[in-house]
Amino acid sequence: SLPAKLINGGIAGLIGVTCVFPIDLAKTRLQNQQNGQRMYTSMSDCLIKTIRSEGYFGMYRGAAVNLTLVTPEKAIKLAANDFFRHHLSKDGKKLTLLREMLAGCGAGTCQVIVTTPMEMLKIQLQDAGRIAAQKKLMAAQAQLSSSSAARAAEPAVETRPTATQITRELLRSKGIAGLYKGLGATLLRDVPFSIVYFPLFANLNKLGQKDPNVKAPFYVSFLSGCVAGSTAAVAVNPCDVIKTRLQSLQRGVNEDTYSGILDCTKKIWQKEGPMAFLKGAYCRALVIAPLFGIAQVVYFIGIAEFLLDMLPKHRA
């Protein structure tokens, strides 16, 4: 049932995000740093420096936004894929690969309704620590050169805005369109991701089914979700880099700004080289693999069906 699908998707998203959010924070910061302004050399270096400067909970900056919005996002994505698969199947026959890809395309298109503002707010909160650390580093370097330069370069006390403050400011200055900055880049990432992920997961999961009418074991669904998720994540990572850069409202010192997808692509290619499009790829794979592995296990086990079935019995 649709309510069960939505509940399953929501529970799956909450569990998955809680487990992998620090890695997602490292991915955002690695993708946003540009040549000449590198604060972190790797995922582990980023996490260690984050803990030292911001404490353990610094790794979860922006998690509240994700935990609030990931439920409708994952619910829409998983339920929409099932919806399109159902309507694209003919008389219950096996879907062709093309129809599976079309179903994934529909799911990816639907989810950006929630994904774009969620990513927009999350990125601002995740990247705030990197920008603050960069300012402190530049102030320290200036202090070494001269005390007067240090006073001139030393930033004011850093005040990091909350998600509510960012939302209010965007709505006040740009209206609802402000929350959908980077919509095109989000579509460019999420639609191809779903086109790759859902058919690949479905076919890998079928390999573990002894009987077409019986669900695959939970570990098969988990491994299928991990493999399909990491493969799709790496495949669309260049789009994710572009999306992250476009959605960042604040820049570090001497970092480029971008007017759109083509301008962002051109500047990254010319100034940082083609390998820059793979920044954070392994972090993204590490985030997506368990996230979708957990999501698919919860979704296929059907926790919601169990809870909904228990309600009438409890009332009785």
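Conventions we followed
Residues numbered from 1 in each chain as written. Predicted model: local features only at pLDDT ≥ 70, side-chain atom pairs only at ≥ 80, totals over all residues. Heavy atoms only, no water. UniProt positions renumbered as here; feature names shortened; annotations may be inferred. Phe/Tyr/Trp six-rings, centres within 6.5 Å; stacked < 30°, edge-to-face > 60°. 1 Å grid on protein atoms, 1.4 Å probe; cavity = no way out; pocket = protein on both sides within 12 Å on 5 of 7 lines; lining within 4 Å. Points joined across faces, edges and corners; volume = space filled by probe spheres on them. Helix = DSSP H or I, 4+ residues; strand = E, 2+ residues; numbered from the N terminus. Core = buried A, V, L, I, M, F, W, Y, C linked by side-chain atoms within 4.5 Å. Buried < 20%, exposed > 50% of the residue type's maximum accessible area, 1.4 Å probe, protein only. Contact = heavy atoms within 4.5 Å.

With an unreviewed UniProt entry as reference, the protein chain is termed Mitochondrial glutamate carrier 1, source organism Ardeotis kori. Listed in UniProt under the heading Catalytic activity (unreviewed entry), the comment for the protein chain reads: "L-glutamate(in) + H(+)(in) = L-glutamate(out) + H(+)(out)". The record in UniProt for the protein chain states the following under Subcellular location (unreviewed entry): "Mitochondrion inner membrane".

Student: How do you make sense of the packing of aromatic side chains when you look at a structure like this?
Tutor: By convention here, two paired aromatic rings are described through the distance between centres and the angle between planes. Summed over the entire model, instances satisfying the criterion amount to eight aromatic pairs. Relative to Phe84, the ring of Phe83 lies with its centre 5.4 Å away and its plane at 75°, an arrangement referred to as edge-to-face. Three or more aromatic residues joined by ring pairs make a cluster, and in this case those are Phe21, Tyr56, Phe57 and Tyr60.

Student: What should I look at first to understand the layout of surface pockets in this one?
Tutor: Any empty space left between atoms is shown by rolling a water-sized probe over those atoms. Roughly 340 Å³ of volume is contained in the second largest pocket. Around the second largest pocket sit 21 residues that line it, and Gln124, Pro161, Ile166, Leu249 and Gln250 are the ones nearest its centre. Sorting the residues of the lining of the second largest pocket by element identifies helix H4 (97-145) and helix H6 (163-174) as the ones contributing at least two each. Among the elements that take part in the lining of the second largest pocket, H4 stands out by supplying seven residues, more than any other.

Student: Explanation requested: the nonpolar core in the structure shown.
Tutor: General note: in soluble globular proteins, nonpolar side chains tend to be found buried as a group. Counting residues in hydrophobic clusters, the biggest one holds 31 residues, and the most contacted among them are Phe193 and Tyr197. Looking at this core, the elements that each hand over two or more residues are helix H1 (2-32), helix H2 (43-54), helix H3 (63-88), H4, helix H7 (183-207), helix H8 (218-235) and helix H11 (281-301). Per-element accounting of this core gives the leading share, six residues, to H1. Not counting chain neighbours up to four residues away, the residues in contact with Phe193 comprise Lys77, Gly229, Ala232, Ala233, Val236, Arg284, Ile288 and Phe292.

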